[in-house]
Structure formats: structure tokens, C-alpha cells
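Residue-level structural notes
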Amino acid sequence: MAPRVQLEKAAWRWVESVRPEDIQREHIEIAYRICVPACKRGACRRNCKGNPNCLVGIGEHAWLGEIDENTFHNIDDPNSERRDKNTFVGLTNLGATCYVNTFLQVWFHNLELRRTLYLCQNARAEEHNMDSDYEPRSICEHLQYLFALLQNSNRRYIDPSGLVKALGLDTGQQQDAQEFSKLFLSLLEDTLSKQKNPNLHNVIQQQFCGQMSYVTVCNQCGRASPLPSRFYELELNIQGHKNLTECVTEFLKEEKLDGDNRYFCESCQSKQNAARRIKLHSLPRVLNLQLMRFVFDRQTGHKKKLNTFISFPEQLDMGPFLEEKEDEKCVYELSAVLIHRGVSAYSGHYIAHVRDARTSDWYKFNDEEIEKMEGKKLQLGIEEDIAETVKSQTRKPKCSKGYHCSRNAYMLVYKCQREEDTDPMETNVEVPGFLGRLVDRDNRKFEEWCLEMADMRKQSVDKGKAKHEEVKELYELLPAEDGQEYEFVPLEWLKKWLDDSTVTKEIDNGNFLCSHGKLHPDKVGEAKRISVKAAELLFDKYGGGPRLDGSTLCEECVGQRCRVLRLKNQLAEDYKEVTNLVKCPPKSDEGYWAGKTSLRSWRQLALEQLEEDEEETKHSNGKTNGEGPEITATKEYGPENLDGDEEEMKTFNEDILCRHGGLSILESERRLVTEEVWSKLRVYFPKAPQFTQLQEPCQQCLRLEREGKENEALNRMMASEQKSSLLNLFQEKNRPTLTKWPQETDILYIVPLFFVDEWRRFIRRPTKTTPVSSVGNSLLLCPHRGFMFTFDSMLKGDAQHIALLWPDEWEVISRHFLVDQPISICRISGATPNGSSVEYTTQPELCRDCREGFIFQQQRDMREYAQATVYVRKVIDDKRLKDAAPEMNVSGSEAEDEREEPVAKVDGERDPDFSQIMHAFSVAPFDQNLSIDGRCLTDDSATLGSLGVIPESVICLKADEPIADFAAMDDVYQVCMPEEGFKGTGLLGH
């Protein structure tokens, strides 16, 4: 089918030879494209919108082809939620709880821990027996139920929200995984210690707890001071190390205590140099090794992740690290690896690789998804491909047989090898009866849900098949045969009718109507012509309207379009003719007034008018004939446009139309044209204002012009008189001041400075500005009509709001202006035993109550600011730097609601309270000591104003010296800082 533009041209090609009054029915049908051939299936890649007879590509392919039952519903197969045979159960990620899921899977695969939890007394569950209203409450009950579901549930994954809620965790915020592990084991240990069964009290200690001691040896006397301690995991530093052995060796290495860090020896009764080390005495059955990937960065003041590759073995011999060599075996086998994927310490994803204790197969637990590794080997795979930023990527080192390398592993779980671990009785953990009944109850709910979903799928499929047959039959009735009656329906409605995913609404043809209430010819491309039989069926079933049949083809719109198109073709010829005719002056009393701007741009205006006429009925639904919108064009010059601003010209001759609707009084903006010229212009602008040569200009405009000139003359005279009377005030010469009171007078008068500024503006431009008629001295008075300023306050700065007048100037002011309240200041001289004295009083007198309130508000405003300058100086050896530090622009908004909320620390974001000082002086927030006027600023939650920090204040910064170990980590702490400050944005406070 021809493109839409070609169809449009073909529909109106006949207008070149047919006048509007000669239009026949055949021309109307051509304009509405009634006879354009319908497209055949396969001939169009998409529907031809310009062809109302094209019914291809509107969504019919889904109904005419083979039936796909899945298209009749959006319900997933419930069996996809069913647990596969010989697989484990996953855990739902509730938002940011992947770190919880990894630990739960690791602990679930600890058979001894699982068996212990099953033995915990659950009186509530046993009492409820098979009651359906039982729900776990305590953390122990939730964990029991969760482990039982992980063991025997029919679901592919389960929801841990009950346990997470009982723990009080925020599902939207990722917590510190290592800290969570410690706290949870501690909580579990406390729970088990309260059980009635004494065999359960020490399970956590037996499984996870080892013994070590911190031993300090005095270098002077050799006395050893051991400090026994228990551990549930070993926290190993990985920075600078390549393998696990190096990490453990550093953990146990000797530390020298000297200098300020010397040890107080009980034997010597004094501080002595000493050596301290950790000694391992016994190890637990399950050895948790925390690889400290998340460390504190002193330079940024935030945590960061170390993406260091660490090699670790599948079998770990801890014998060489034990202090007492015993016969018991210390060989551990790797049973779990916890992985953190991501480059930041504040975000990322946690997964766990866990070895099945029964089969020794490795599984990857990734929330709901569980993947069994091929063979019986640990395969870290893609977890090592998502770790570092590009600039810090390092090549993965080669690993020896029996070893693995990871830059994302943050916890390794090793289990001590024992002969009983291979005993089938030891690897088989039975779910207690009361828990088994709860799991059976949940499995029944799941099976019922599966049946319900399957039934819903079947109902949707049956309904879809029935509609398929209905739509298929009705679609075959849509095409309208030549010579038969027809109707129009919207194309978009047909598409939605064939789209089973949307609800079919009633048919709405209202948007297709022209201003005559019929089918607009330009809307035919958005409608489809269908048979009357199909239209009857559709309207009977879905309703709607109005019905548009062959009688609704609009003859008026076609005729108007014909006229417009013919005029557009004739415009170029008429433009040349008018250009020549306008040069000839009209005969006396036979001309017409035309705006010069209109004449210069009439061709463009005519083109826009014709295009507007062509479009006028598109947006005029419900309007009567001829009420279409008027055209708009840019006006080059305008009679009312005295300041030269461009205005919009809406129609021809508008530039000589005054605001009262009459002929403009500006003769320079118009000229006379002949009747022949005007008649040609009226063809294109039938609604243009018409003024004959005998038309008189607007009388109202003439009167206003006379009055305006009279007012300007009066203003000039008034300005000249006032200027001559107050020349010094206008020129700002010989002005009295309070700092040096003039000797020739004891009284001065006060007016607002705003009045003087406005008055000077009028004197300079009396014809352009409004005369000043009054003096508003009430601006300087309080509500009690008392004066707001003292003599001293005016000396210190309040004088910027007032202007002082001589007595003779005040007399002139009083004559020419309306004064609401005179204000004066008097000097009173007197004699005292100690000499002469001078006092100053004002009239009206000072209102002391309002003055005190004004001062209080001023002080409050100084402490409540949104943007101000505050200076920071770094102090070295208790002395300030020689030069003033550059300023810091502080966002010190004192809105309490903003200050109460802590700043969110997202990945890579620095704390704005201290980051500006930190980057200017290289002093981390925890090393900053800030003070002002000898007072330490220690309240981080306080605002600057409440701490007494006002604009232009100077804050002193004294930096703590970093300790040697940390100083060696970053050269910035060893640099001697220059004697300079900075300017930046941020809150201050330590």
C-alpha cells in the first residue's frame, strides 16, 4: 500500500480542477478514501493508517493462527514453585536480607546445630498439636520452624520474614554481615542455656567456641601475664597477605609494647617494654574464619572493601598453630565459603557455597536460586568476576591442587574431621513430630494453592478459547464489500478489542466529529470502514457511539478544504499582482486603510490563515460552524508598541486597530490601498477589520492622547519646582550627619531612605514615573507609634534605613507631600558640675519594649541562617597560624527538623559535616578538635547558631596526631600542612 502522505495527496488531487460549488458525491468519497483497495494479509508489515479499508496488522494474527494456551492467561505454572527431588530449599530475599539468608543456609547444614534446635522445648507447638492457628513467636521457635521447612518443605523456596521480623532487622538496609553472625550466635547461645535439657546448654560452645589467651611478657623481669579468653571466630587481617596461612601467622605474631604504649608490670611496679602475643589453646569443632575485607579508611572516614586475593586450602591443619600439642586431630575440612559480590562495603550481594555433609556435594545458595556444582569440587565461578573497579583489577593467581583463590570470600567455615561424621546415624537428622505436623500443614496449603492456580489457568484457557472462536468469526465479517453499506469505528478500539490483555470498553467515535457533527475528513486515517453487519454486532455487545455511516461524510468540510487548497495554489500569483497594484494610489474617497506591517507580511499571514482554516475543525468538537480558532503570527511593528516590544499579530489589519476597536490614531503606521487591492485581500482575510478612507480615528484615543500630554506637562512642572526647592537633597550635597552634628541647628528631621530614592527617580524621569505624593514615616515606627532606633544604633548602622533633612528642607517636604507622622531628632545641651553635656532625643520617643524585641530578633537572625561565611584556622602547637585562613561557606540552616535527621552514608558518599575540613587540612573527622572563643564544639547534633557560631566567626581547628601504625598507612598524615585554610560548603562540629 502507498505511504500515508501519498494517500493524502491522492485524496485531494481533484481540487485542482473542481470548484467548491461543483463538488459531487464521488469527490467526497475520494476525499474519504472509500474506494482505496483493502490490503491483503501478508502484503503489509503493519497496518496502513491512511487506508480506512486496511484491516491487516491490528492484532488479528493472535486469533487467526494456531492457538497458544499460554496467551490466554498470565498465571505461571504452579509446579515451577515446587521443590525438585533431591534438592535443597531456597530463601526469599526480602529486600536487603541476602546476608541473613547465607548464614541461615550455613547453619542449617550444620547437622549438630540443627539437631540441637529440634530438641529445644516448644510447649506452644505441642499444645496446639494440629491447630491451624499456631504461629511461632520466639526467635528459637521461628528458627526451628524455618529449619524444618528447609528440610521437608514441598516449596522451592520459603519466606523467612517471620524470623527476620522477630530479630528486628530492617529488610531495606543491608547490615554488617560479620557483626550479624556474632550477635546471632550469642543470642542462640543465651537461648540454649535456658533450656531444661542440660545437654543443650553448651552446644554453641562445643560447636563454635575455642580457647586462647593474650600473653604479655615483661622484657625487664621476664614475668608472663596471661589473660584467658574465648573466641567463636578468628578475625584475620588480609591486607598484604596472599594465603590463609600468612593471615593466621600474623594473627598470632608477637607485638612489641614500647614508648607511650609500654606495659605496666606488676612485678616491677612500673611501665616496662614488653612483648604480647596470642596463644591458641583449643579449637572448636566448627572453625569460623572471618577475612577482614571491610576495613575503616581513615582518609575518607568510611568503610571500604579490600579486594585482595586470598588462597585457602580445602584441608586446613591447625596443629602447628596450637600452643599445647595434643593427640587430638586438628585437621579441618572446608565446609562453607561466604561470598560478597560488589565493590563497596555498603552495598553488594551475598551468596554462600556450602558442602552437603551427607553427600559431600557442593551447592551455591543464592537466595531463592540453588545450584549444585558439578562433581564434588568447590567452584567459585562468576563470583570472582564481579569484584573490583577497572583501575584496580589484578590477575587471579594460580592455585595449587586442593586450594582455592578468592577476592570476594569474607568468611570461611572449616569443620574438624571426625570418624563419627561418616556415620549414617549422625548425618540423618529427623524432624520432631510437632514440627513435622507444622510442615505438613504448610505443604497442604501449598498443594491447595497449586490446585487453585491450576484451576484458574484452566478457566482462563477455556474462556480464551471461547473468545478466540467469537473474535475469529467476527473478524471475518469486518471487511465492507464494494457497493454495500458501511460504518466507521476507531482503529485504536479495534486494536484493544483484539488485545486480550486489556478490557474492551465501549466504542467512542466522539473524537472523529467535525464542527458540523459529522466525520472529519482528516480523522478517516484513524478509523476503519467495516460492514454494517459487523458494526451491528459490535455496537450491540459493547455499546457506544455516535454511529458514523456513509451519510456522515461531511460535504461542508470537503468544500472548505477544496477552497483552502485552491487559494493556497493561487496565493503566489495574487501576491505578485497585489505587490504591483499597491504602488498605485487610490482615487479620492475610494481607498481603504491597511496597516503597513500587515502589507509587508500579508503573504505569510495569508498562508497561516489558510493552514488554520484547513485545521480549524480538528479541535472544534461541539462548536457551531465557523467557530474555529483564529490564526497567530509574529507582528513586526505595532502602532501601540511604543517601547519596540514585539507583539503577536492575530489577523490582517490588527496593527491599525486601537484597544477600543477603532482606527488607530497613528497615521504613520497605515496607508491607503485601492478597492481592487482590498477586495483581493478580503478573499484571504474575510474577518479582517475594514476601515474606509473616510473612517475617522478613535475619538477615545484622541482624548486620552490630549490628557496624557497635559499630565506630562504638569509632571515636568512639578518635578522642576521640587528639584529647585530641594536641590541639595537631589544632588546629595551638604547633607547633615549624626557622627558630626551640624552646629547651626539643634534639630534634624528623619524620613525613610526609600522615599528619597523614589522621589529622585521621579525628578529624573517625570514623564515615565509616577509622582511621589506622600512620606510614609510609619515604616520607621512600631505598632505603638514609637520610634524604633536610638541615637547610638543609628551611629552603628541603623542610619542606612533613613535620610536626614535640614529644617528648611522639612518645611518644603511638608508643603509638597502628605506626611503621616513627622519624626525628628533633637540635640539638647546642658551644663553639669563636670562640664557641658549633650543629649539626643527623638520625637516620637523611643518605644523601649519594641526596641528590645527588635534587638532580640536581630540576634536570633544572626544565629539562624541558610548561607553564611565562617572561617577556620588550623592551630599548631597551641598557636594560630600567622595569616587568616580563607573562608568556609557553611550551609548552616538552623531548621531543627533538618538537623535531627542523620546524614545517610551511601556508597562513596562523604559525611558533609566534616568532609570540607578533612579535604582542606587532611584531617580526618575523628582527629578534628574544633573550638570557638575557647569553647569546644563537641555536640554533633547541634546547629551552628546554637553553638554560638555566627557569620564571620573564626573556628579553631586542632588536629590529633595519628598513631604510628595508621600514619604508616597513608602519607597524607605525615605531610606538614601549609599555613592556609579553605572555603567550602559543609557543617562544622566535632
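Quick note: structure is the one above.
If you're wondering where the values come from, they're calculated on a predicted model, not measured in any experiment.

So, how was this worked out
Residues numbered from 1 in each chain as written. Predicted model: local features only at pLDDT ≥ 70, side-chain atom pairs only at ≥ 80, totals over all residues. Heavy atoms only, no water. Helix = DSSP H or I, 4+ residues; strand = E, 2+ residues; numbered from the N terminus. Salt bridge = Lys/Arg side-chain N within 4 Å of Asp/Glu carboxyl O. Buried < 20%, exposed > 50% of the residue type's maximum accessible area, 1.4 Å probe, protein only. Contact = heavy atoms within 4.5 Å. Pairing = 2+ DSSP bridges. Axes fitted to C-alpha atoms, helices over the stretch in contact; angles between N-to-C directions. Disulfide = S-S within 2.5 Å. 1 Å grid on protein atoms, 1.4 Å probe; cavity = no way out; pocket = protein on both sides within 12 Å on 5 of 7 lines; lining within 4 Å. Points joined across faces, edges and corners; volume = space filled by probe spheres on them. Nonpolar A, V, L, I, M, F, W, Y, C, P; charged D, E, K, R; others polar. Arc of directions from axis to C-beta. Polar contact = N/O pair within 3.5 Å; in protein donor to acceptor, adjacent residues only side chain to side chain. Expected span 1.5 Å × (residues − 1). Phe/Tyr/Trp six-rings, centres within 6.5 Å; stacked < 30°, edge-to-face > 60°. Lys NZ or Arg CZ within 6 Å of the ring centre and 35° of its normal.

What follows covers unusual backbone geometry. G545 connects to P546 through a cis peptide bond whose omega is -5°. Its location among the elements puts P546 in the loop between β24 (544-545) and β25 (548-549). With a phi close to 60°, N86 is a non-glycine residue in the positive phi region. Tracing the backbone through its elements, the reader meets N86 in the loop between α3 (61-64) and β1 (90-91). For N734, which is not a glycine, the phi torsion comes out positive at approximately 55°. If you trace the backbone, N734 turns up in the loop between α21 (727-731) and β30 (747-752).

Moving on, we get to the pattern of salt bridges. One pass over the full model with this rule turns up 29 salt bridges. Here E712 makes a salt bridge to R716, at a shortest N to O gap of 3.8 Å. Remark: R716 and E712 occur in helix α20 (residues 699-725); sequence separation between them is four residues, near one turn of the helix. Taking the relative accessible area as the measure of exposure, E712 reaches 32% and is therefore partly exposed. We note a salt bridge from R761 to E758, for which the minimum N-O separation is 2.4 Å. Of the two residues, R761 and E758 are both situated in helix α22 (residues 753-764); the distance of three residues between them amounts to about one turn of the helix. Relative accessible area serves as the criterion here: at 30%, E758 is assigned to the partly exposed category. Within the structure, one salt-bridge network assembled from shared partners comprises E8, R33, D522 and R561.

So, on to the environment of L169. Structurally, the position occupied by L169 is in the loop between α8 (161-167) and α9 (177-193). Take L169: its relative accessible area is 22%, and that puts it in the partly exposed class. Sequence separation between L169 and F180 is 11 residues; the distance between their C-alpha atoms is 10.0 Å. If near-sequence neighbours (up to four positions away) are discounted, L169 is found in contact with Y99, V100, V164 and F180.

Turning to the sheet that holds strand β9 (residues 274-282), a few remarks are in order. Across the sheet, four strands lie side by side as β4-β3-β9-β6; this open sheet has antiparallel pairing. The two strands at the open ends of the sheet, each matched to only one other strand, are β4 (224-231) and β6 (255-257). Averaged over all neighbouring strand pairs, the angle between strand axes comes to 25°, with direction disregarded. Sheet topology places β6 next to β9; three bridges connect them, and they run antiparallel. Each bridged residue has a counterpart across the sheet, and for L257 the counterpart in β9 is A274.

One pass over the full model with this rule turns up zero disulfides. Lacking any disulfide linkage, C514 is separated from the closest cysteine sulfur, that of C557, by 3.6 Å. For C782, which is in no disulfide, the shortest distance to another cysteine sulfur is to C847 and amounts to 3.6 Å. Here C782 falls in the buried class, since its relative accessible area comes to 4%.

Glancing now at empty space enclosed by the protein. According to the stated counting rule, one finds five cavities of 30 Å³ or more in the structure shown. Taken as a whole, the largest cavity holds about 180 Å³ of empty space. Forming the walls of the largest cavity are 15 residues, and the residues nearest its centre are V106, H109, N110, S335 and V413. The greatest single-element share of the lining of the largest cavity, amounting to three residues, is contributed by strand β20 (residues 409-416). For the lining of the largest cavity, the class distribution of residues is nine nonpolar, four polar and two charged.

All buried positions along helix α11 (residues 244-251) are accounted for by L244, C247 and V248. The buried residues of α11 occupy an angular sector of 95° when projected down its axis, which confines them to one face. Of the surrounding secondary structure, the elements contacted by the buried residues of α11 are β5 (234-236), β10 (286-291), β13 (310-313), β14 (315-317) and β20. Capping of α11 at its N-terminal end is provided by N243; its side-chain oxygen lies 3.2 Å from the backbone amide nitrogen of T245.

Taken in spatial order, the three strands make up an open sheet running β23-β21-β25, and their pairing is antiparallel. Two strands close off the open sheet at either side, each with one partner strand: β23 (527-531) and β25. Across two bridges, the pairing between strand β21 (residues 486-490) and β25 is antiparallel. By the bridge assignment, F488 is partnered in β25 with L548. Its contacts with the sheet place helix α14 (residues 491-498) against β21 and β23, and it is angled at close to 75° to β21. Where helix α15 (residues 532-542) meets the sheet, it contacts β21 and β23, and its direction lies at approximately 105° from that of β23.

We now examine the environment of R156. Here R156 shows up in the loop between α7 (139-152) and β2 (157-158). The class of R156 is partly exposed, set by a relative accessible area of 24%. If we ignore the near neighbours within four places in the chain, the residues touching R156 are S80, E81, R82, R83, F88, V89, G90, E368 and E369.

This paragraph deals with α20. The terminal C-alpha atoms of α20, which comprises 27 residues, lie 40 Å apart, in line with the 39 Å expected from a rise of 1.5 Å per residue. Of all the positions in α20, only C701, N715, A719 and Q722 are classed as buried. The inward-facing, buried residues of α20 abut α22 and α24 (807-816).

To continue, consider the pairing of strand β3 (residues 210-218). In the sheet, β3 pairs with β4 via eight bridges, with the strands oriented antiparallel. Along β4, the bridge assignment pairs S213 with P228. Here eight bridges tie β3 to β9, and the two strands are oriented antiparallel to one another. Paired with V217 across the two strands is A275, which belongs to β9.

Aromatic ring pairs are described here by two measures, namely the spacing of the ring centres and the angle between the planes. Scanning all chains against the criterion turns up 29 aromatic pairs. When the ring of Y575 is compared with that of W602, the centres are 5.7 Å apart and the planes differ by 35°; the resulting orientation is tilted. One end of the pair, Y575, is in helix α16 (residues 555-581); the other, W602, is in helix α18 (residues 602-615), and 27 residues separate them in sequence. According to the relative accessible area criterion, Y575 is partly exposed, its value standing at 27%. Accessibility expressed as a relative area gives 2% for W602, which makes it buried. Judged by centre distance (5.4 Å) and plane angle (45°), the ring pair of W741 and Y840 falls under tilted. Residue W741 is found in the loop between α21 and β30, and its partner Y840 is found in strand β35 (residues 835-843); the two are separated by 99 residues along the sequence. The exposure class of W741 is buried, given its relative accessible area of 6%. Accessibility expressed as a relative area gives 29% for Y840, which makes it partly exposed. Among the aromatic residues, those joined into a ring-pair cluster are Y99, F103, W107, F180, F184, F294, Y350 and Y410. For R529, the ring lying beneath its charged end belongs to Y486, and the centroid distance is 4.8 Å.

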